[in-house]
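# Understanding the architecture of this molecule
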Amino acid sequence: MSLTIGIPRETYAGEKRVATVPDVVEKLRKLGFAVAVESGAGDAANFADATYEAAGATVVGSAAELWAASDIVFKVRAPSLDEVAGMKAGTTLISFVWPAQNPELMAALAAKQATVLAIDCLPRTLSRAQKMDALTSQAGVAGYRAVIEAANAFGRFFNGQITAAGKVPPAKVFIAGAGVAGLAAIGTAAGLGAIVRANDTRAEVADQVVSLGGEFVKVDYEEEGSGGGGYAKVMSEGFQQAQRAMYAQQAKDVDIIITTALIPGKPAPKLITAEMVQSMRPGSVIVDMAAEQGGNCELTVPHEVVVRHGVTIIGYADLPSRLAKQSSTLYATNLLRLTEELCKTKDGSINVNFDDDAIRGLTVIKEGSVTWPAPPLKAPPPPAAKPAMPPPAPKGHGHGAGAPMAGSTLAIVFGLGSALFWLVGAYAPAAFLSHFTVFVLACFVGYMVVWNVTPALHTPLMSVTNAISSIIAIGALVQIAPPLGEAVRPENWIRGLAFVGIVLTAINMFGGFAVTRRMLAMFRK
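As a convention, each chain's residues are numbered from 1 in the sequence order in which they are written. Local features in this predicted model are restricted to residues whose pLDDT is 70 or higher, and side-chain atom pairs enter the listing and the counts only when it is 80 or higher, whereas totals over whole chains, interfaces and linings include all residues. Only heavy atoms go into the side-chain values, all of them from the structure, while hydrogens and water stay out.

## Let's talk about the pairing of strand β10 (residues 195–199)
Short version of the rule: Think of it in three bands: residues with accessible area under 20% of the maximum for their type are buried, residues over 50% are exposed, and the middle band is partly exposed, with areas taken using a 1.4 Å probe on protein chains only. In this description a helix means any DSSP run of H or I spanning at least four residues, a strand means any run of E spanning at least two, and both kinds are numbered starting from the N terminus. Note on pairing: DSSP must find at least two bridges between two strands before they are called paired. For crossovers, right-handed means that the path from the first strand over the helix to the second runs clockwise, given strands pointing away from the viewer.
Most of β10 sits out of view: 4 of its 5 residues are buried. In the sheet, strand β9 (residues 172–176) pairs with β10 via 5 bridges, with the strands oriented parallel. Bridge assignment links Phe174 to a residue of β10, and that residue is Arg197. Crossover connection from β9 via helix α7 (residues 180–191) to parallel β10: handedness right-handed. Following the backbone out of β10, through helix α8 (residues 206–211) and into the adjacent parallel strand β11 (residues 215–216), one traces a crossover that is right-handed.

Here it is as structure tokens:
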């Protein structure tokens, strides 16, 4: 008998997202599951009950009926204690749970003999888990929306303009934290034409910031900021002082600050002080994406927009919910991929397999037993040792490929070369001698020019030189149509070979220039 997946309406105040969408309902049913949706669950995200019914779901009139009938429940926000009370024993819950912050909820779920997969506990370092990573998908939406909220509160254009009415300078945006949300904000702000700067404690994200059109602002203090698992760590006091000095300087210069700094299991670090806010120009904007965990700005009021010292501080904690249709679609896809891993037999049943590192990391309660936190992931096996290099050949009279030429041998080579040049100069015709001189000089100059080219440009250089060297097509043309006045015409087979040579040379010429153009385009921004 196939299991029923229930989709309740979110009860958290202001939450507009829904845990699955009609397109995903069809795919869940192909896996063998029945799907029940509480009436009105998708209304706030613009998914009407009729669209769920058309996809094959059953619309249930009340939350109590849905919870009582569901074997598996998909949710966005962690369930309330009242919702857990209506859950039938042995239900599987897949949702954001935040087990470290919700011990009372964990105890209530365990008492219900539930199996709980907390989507926020997914091991993000596993490459195969990326398709299930709802934290990443929702953070990307939040970063985008943060820029839109900043643009709405900002009193000017983001991009610079020159109009008949005057010149408009571009807005300057500083983004504190270049994780998934920060990178999404960087790309969005740069796309709107702003001058974007960003900082992060992890030095490895600098290239990502630059690739999205931002400028990475480095703290003048050397310390590694990666805390493992794709997150940052708490930095030393010395680093934090240097960081605050840098933030104070940026606050005086920029128009918009977007903060995204969060450390799992800890309150949001205070990055923007009241003094920094006071130093900002009137009309500036701060979007504090860490407001739900206390905020990165000292003056942030969670869930509200306040104005302090002429600066608008946005403390919304529901940024993904403000793009409910998009974020619901992404979240539903994440849960679908997770369900595919749980139901590889496609028979409407699930297997919570602890041998799978991703599933083990997600599972915080299994059949009433608390299994959180998961054991650390096994380290990958060390790379195979490289074979030992043979000992270098001894210097002096060795005959190996890398051995230097002996002095006597070098003298013989130079002597033979000198004798050859003397013979050429003594007996060769004057016409040959002039061509030979040009040939030697060309070899020398060509060698020096090519040798000094950056290795990355060797391929485009060779392609264009191949194209230029195809001047041999002129010789083939002469064979096909000799100059006027010549009585002897070449044989037909010679003219045929010349024609083939022209075709191949044309391919070489045009292909060489085409390859060169494409290769050089890779080095341009």
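Picking up after the structure, the text goes on.
## Thoughts on the sheet that holds β9
A sheet is described by the order of its strands in space; here 7 strands give the open sequence β11-β10-β9-β14-β15-β17-β16, paired in mixed fashion. The outermost strands of the open sheet, each flanked by one partner alone, are β11 and β16 (305–308).

## With respect to the nonpolar core
The cut-off we apply is this: Only buried residues count toward a nonpolar core, which is a set of Ala, Val, Leu, Ile, Met, Phe, Trp, Tyr and Cys residues joined through side-chain atoms within 4.5 Å. Contacts between residues were defined by any pair of non-hydrogen atoms, one from each residue, lying within 4.5 Å.
Membership of the largest hydrophobic core comes to 43 residues, with the highest contact counts inside it found for Ile7, Phe74, Ile94, Ile119, Tyr331 and Leu338. Going through the elements one at a time, β1 (4–7), α1 (22–30), β2 (34–38), β4 (72–74), α6 (134–153), α11 (324–342) and α12 (357–362) are the ones with two or more residues in this core. Among the elements that make up this core, the one with the highest residue count is α11 (7 residues). Ile7 has contacts with Val18, Ala19, Thr20, Val35, Ala36, Val37, Glu38, Ala41, Leu66 and Phe74, leaving out every residue within four places of it along the chain. By size, the runner-up hydrophobic cluster in this structure holds 31 residues, among which are Ala142, Ala171, Leu183 and Val205.

## A word on the environment of Val478
Residue placement: Val478 occurs in helix α16 (residues 473–480). On the accessibility criterion, Val478 (38% relative accessible area) is partly exposed. Separated by 17 residues in sequence, Val478 and Arg495 have C-alpha atoms that sit 9.4 Å apart.

## A few points about the environment of Phe174
Mapped onto the secondary structure, Phe174 falls in strand β9. Residues Phe174 and Arg197 lie 23 residues apart in sequence; the distance between their C-alpha atoms is 4.8 Å. Phe174 has contacts with Arg197, Ala198, Asn199, Val217, Met246, Tyr247, Gln250, Val254, Ile256, Ile257 and Ile258, leaving out every residue within four places of it along the chain.

## With respect to helix α5 (residues 103–111)
Put simply, the test is: Within this analysis, the arc is defined by the directions that extend from the helix axis to the C-beta atoms.
Taken as a whole, α5 has its buried residues at Leu105, Met106, Leu109 and Ala110. In an axial view of α5, the angular spread of the buried residues amounts to 135°, which keeps them on one side of the axis. Exposed and oriented more than 90 degrees from the buried face of α5 are Glu104 and Ala111. Residues of α5 that are buried in the fold lie against α4 (81–85), β5 (92–95), β6 (115–118), β18 (363–366) and β19 (369–370). Phi for Gln113, located one or two positions after α5, is positive at around 55°.

## Describing the sheet that holds β19
Under the convention used in this document: Only C-alpha atoms enter the line fits that serve as axes; for helices the fit covers just the stretch in contact. Angles between N-to-C directions range over 0 to 180 degrees.
With mixed pairing, 8 strands are arranged side by side in an open sheet as β3-β2-β1-β4-β5-β6-β18-β19. Each of the sheet's edge strands pairs with one partner strand only, and the pair in question is β3 (58–60) and β19. The pairing of β18 with β19 spans 2 bridges and is antiparallel. Bridge pairing in β19 links Ile365 to Val370. Those strands touched by α11 are β4, β5 and β6, and its axis lies near 140° from that of β5.

## Re the pairing of β2
Across the 5 residues that make up β2, a large majority, 4, are buried. For the segment spanning β1, α1 and β2, crossover handedness is right-handed. Relative to β3, β2 runs parallel, the two being bridged by 3 bridges. In the sheet register, Glu38 faces β3, and the bridge partner there is Val60. Regarding topology, helix α2 (residues 49–54) serves as the crossover connection from β2 to the parallel β3, and that connection is right-handed.

## Digging into the packing of aromatic side chains
Our working rule: Note on aromatic contacts: the rings of Phe and Tyr and the six-membered ring of Trp form a pair at centre separations within 6.5 Å, being stacked when their planes are under 30 degrees apart, edge-to-face when over 60 apart, and tilted otherwise. Placement of a charge over a ring requires the Lys NZ or Arg CZ to be within 6 Å of the ring centre, with the centre-to-atom vector within 35 degrees of the ring normal.
The full count for this structure, using the stated rule, is 5 aromatic pairs. Ring geometry for Tyr221 and Phe239: centres 6.1 Å apart, planes at 85°, overall edge-to-face. With a gap of 18 residues between them, Tyr221 in the loop between β11 and β12 (226–228) and Phe239 in helix α9 (residues 237–253) connect regions that are remote in the sequence. Take Tyr221: its relative accessible area is 35%, and that puts it in the partly exposed class. A connected cluster of aromatic rings, assembled from ring pairs, spans Phe96, Trp98 and Tyr331. Sitting above the plane of the Tyr12 ring, Arg77 keeps its charged end 4.0 Å from the centroid.

## Quick look at the packing of α1 against α11
Condition: An angle counts as roughly parallel when it lies under 35 degrees, as roughly antiparallel when it exceeds 145, as roughly perpendicular when it falls between 65 and 115, and as oblique in every other case. Polar here means any residue other than Ala, Val, Leu, Ile, Met, Phe, Trp, Tyr, Cys and Pro, which are nonpolar, and Asp, Glu, Lys and Arg, which are charged; Gly is therefore polar.
At a minimum axis distance of 10 Å, the contact between α1 and α11 shows a crossing angle of 5°. One way to sum up the angle between α1 and α11 is to call them roughly parallel. Residues Val24, Lys27 and Leu28 of α1 form the contact with α11, whose own contacting residues are Ala332, Thr333, Leu336 and Thr339. The residue inventory of the contact of α1 with α11, partitioned by class, reads 4 nonpolar, 2 polar and 1 charged.

## Looking at a nonpolar patch on the surface
Defined as follows: Exposure above 30% relative accessible area and no salt bridge define the residues that can form patches, which grow by joining like charges within 9 Å and nonpolar side chains of Val, Leu, Ile, Met, Phe, Trp and Tyr within 5 Å. Per-residue accessibility takes into account occlusion by the displayed protein chains alone, with areas from the Shrake-Rupley method and a 1.4 Å probe. One side-chain nitrogen of Lys or Arg within 4 Å of one carboxyl oxygen of Asp or Glu is enough to make a salt bridge.
A grouping of Phe499, Val500, Val503, Leu504 and Ile507 is seen on the molecular surface, where their side chains present a nonpolar patch of about 490 Å² in accessible area. Structurally, Val500 is set in helix α17 (residues 492–521).

## A look at the packing of α6 against α7
Test applied: Two helices crossing with the near one rotated counterclockwise from the far one by less than a right angle form a left-handed crossing, whereas a clockwise rotation gives a right-handed crossing.
At their nearest, the axes of α6 and α7 sit 7 Å apart, and the two run at 40° to each other. Comparing the axis directions of α6 and α7 gives the class oblique. With respect to the hand of their crossing, α6 and α7 are arranged in right-handed fashion. Along its contact with α6, which presents Thr136, Ala139, Gly140, Gly143, Tyr144 and Val147, the element α7 presents Val180, Ala181, Ala184, Ala185, Thr188 and Ala189.

## Quick word on the confidence of the model for the protein
Regions with low pLDDT should not have their predicted coordinates read in detail. Counted only if it meets this: pLDDT measures the predictor's confidence residue by residue and takes values from 0 up to 100.
Averaged over all residues, the pLDDT of the protein equals 87, while 85% of them reach at least 70. Counting contacts from residues 396–402, a segment whose pLDDT is below 50, to residues more than four positions away or on other chains yields 2 contacts.

## Details of the pattern of salt bridges
Oppositely charged side chains can form a pair if their charged atoms are brought close together. All chains considered together, the criterion is met by 22 salt bridges. In this structure, the salt-bridge partner of Arg17 is Glu15, at a minimum N-O distance of 2.8 Å. For the pair Arg17 and Glu15, a shared accessibility class is recorded, and that class is buried. A salt bridge links Glu341 to Lys131; its shortest N-O distance comes to 2.9 Å. Here Glu341 is found in helix α11, whereas its partner Lys131 is found in the loop between β6 and α6, with 210 residues between them in sequence. Relative accessible area serves as the criterion here: at 15%, Glu341 is assigned to the buried category. Residues joined by salt bridges that share partners form a network here, namely Arg128, Lys131, Glu341, Lys344 and Asp356.

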